[in-house]
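# Structure at a glance
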Amino acid sequence: MGKRASKNDDSRGGSPREQLWSTTFVLVVASTLCCFMVGQGLNSSTSVYVALYGGTAAYAGVLAAVFSGAAAVVRLLSGPLIDGRGRRIVMLFGFAVLIVGTVGPLFTHDVAPFVVFRILQGAGFSAVTTASATAAADALPASRMGEGIGYYGLGQALSMSVGPALALALVSTDPPENLFVGVTAIAVVGLSMIFLCRYEKHPEMLPEEAVYRRRLEEGESEAARTGAAEAAETTTSTEQSRMEGRPKRESIASRIFEKHALPGTLPMIVLSPAFGFVIFFVGLYGASLGVGNAGLFYTLSAVSMILVRLKSGAFMDRFAPIVILPVALACGLVAFAMLVACGTVLDGAPVRDAVFNLSGIVYGFCIGIALPLNQSVAVKNTPPERWGAANALFQLANDVGIGGACVIWGIVNDCFGFPVTICCAMCCIAASYFVARAVYPKE
């Protein structure tokens, strides 16, 4: 695909803006939506399914930890594979593994094998989401990377609103195995989209300004200029050139951990525990307060997240990240303060319920800005040939921060109650700003 016939003018000087939406980018965003719907749906409904067949809440907790652990391990391994073998092959493999994990429960009502199924689900989910993040960056022009990653994140936002509700509705039907029929169907749709995503072999499918296409074209031009000279080299000089001009063989650690992605990753490690509290404990907190429909918090947060990402083009690539981040963190602090107020100073049920759910809107602004902003910093600061490892490291930070902190939040909550736990999460939000000040690149 070439440039748009009618380009939009940049508001800063009337210059044409590079094309953002291409067929490849649409396919990547849509397949990501499918994958996150499956993952979010399974995470919210597996405990219900296990309970229906006699499983305990403790066992459901083990299954949640198994999913997160498998996802973290695969993120470590998938980064080098994405950079070395390609994005599409990793996404295809990930969806295949995910489908095996969702089909398996259809053949047994015994909850014991669920450890294996959850491993497969976590591994497949992790492989797809890590590779798709890199594919999305490939298809975006560098000047609109932050805006494009914000749109890419719409898949996550929509899945938070649709996935859990759909999964809980399916597991409540007769038989409850309809849950796995439904999520498998969604995964198959996502897999079919990846079959159509063939830009790595056909870069002409991408817009002319796409990072991946430009990198290939520049590489081919460089190869054409140096090809004749390289062909005339002797065996000795060729070996010397290979040793001097090519990167040294990488260690396993350097292939997995991309140091250039740390400026975006380190703030997320500190910030993600606050996100983890929302994912795993806000529903329980609302139920303990007697909030009539605590699930509305998630729906409203997803809606506000979508709105802020749709408008991200107005600011994401036009202001320094350290200028944008404090706005997001301030929204997070306000949202958590509203949650604290619900459990301490607000006694009237209607007012308390309204404040509880409205805090979801403010929280959605926080995560809708902070998550793609830090991911954009991680990717932009990394050479394109290492984007797979960068995205893997960034998402691993989320897995570790969310999963590890939730154990701590459970202990703190049992000892001191929800208000103290929420205040601790607010400390994480504030601390992430100072980390970002220290590690964000100057430009």
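Check the entry above for the structure.
Residues numbered from 1 in each chain as written. Predicted model: local features only at pLDDT ≥ 70, side-chain atom pairs only at ≥ 80, totals over all residues. Heavy atoms only, no water.

On to helix α4 (residues 114–138). In this model, α4 (25 residues) spans 36 Å end to end at C-alpha, consistent with the 36 Å of a helix rising 1.5 Å per residue. The buried fraction of α4 is high, at 21 of 25 residues. (Helix = DSSP H or I, 4+ residues; strand = E, 2+ residues; numbered from the N terminus. Expected span 1.5 Å × (residues − 1). Buried < 20%, exposed > 50% of the residue type's maximum accessible area, 1.4 Å probe, protein only.)

Glycine aside, a negative phi is what most residues show, and trans is what most peptide bonds show. Residue D174 is joined to P175 through a cis peptide bond whose omega torsion reads 5 degrees. As for its placement among the helices and strands, P175 is situated in the loop between α6 (154–171) and α7 (178–195).

Note on placement: S304 falls in helix α12 (residues 296–310). On the basis of relative accessible area, S304 is assigned to the buried category, the value being 3%. Beyond its immediate stretch of four places on either side in the chain, S304 contacts G360, I361, G364 and F365. (Contact = heavy atoms within 4.5 Å.)

In contact at an axis separation of 9 Å, helix α1 (residues 23–52) and α7 are set at 160 degrees when each is read in the N-to-C sense. In this view, α1 runs roughly antiparallel relative to α7, as classed from their interaxial angle. Here α1 and α7 pass one another in a crossing that is left-handed. Where α1 abuts α7, its residues L27, A30, S31, C34, M37, V38, L42, S45 and Y49 lie against L179, F180, V183, I186, A187, V189, G190, M193 and I194. Here the residues of the contact of α1 with α7 sort into 15 nonpolar, three polar and no charged. (Axes fitted to C-alpha atoms, helices over the stretch in contact; angles between N-to-C directions. Parallel < 35°, antiparallel > 145°, perpendicular 65-115°, else oblique. Left-handed = near helix turned anticlockwise from the far one by under 90°. Nonpolar A, V, L, I, M, F, W, Y, C, P; charged D, E, K, R; others polar.)

Grouped together as the largest cluster of nonpolar side chains are 58 residues, with contacts concentrated most on F25, V38, F95, F114 and M145. Taken together, the elements giving at least two residues each to this core come down to α1, α2 (57–85), α3 (87–103), α4, α5 (145–152), α6, α7 and α8 (211–231). One finds V282, V291, I369 and A405 within the second-largest nonpolar core, a separate group that totals 53 residues. (Core = buried A, V, L, I, M, F, W, Y, C linked by side-chain atoms within 4.5 Å.)

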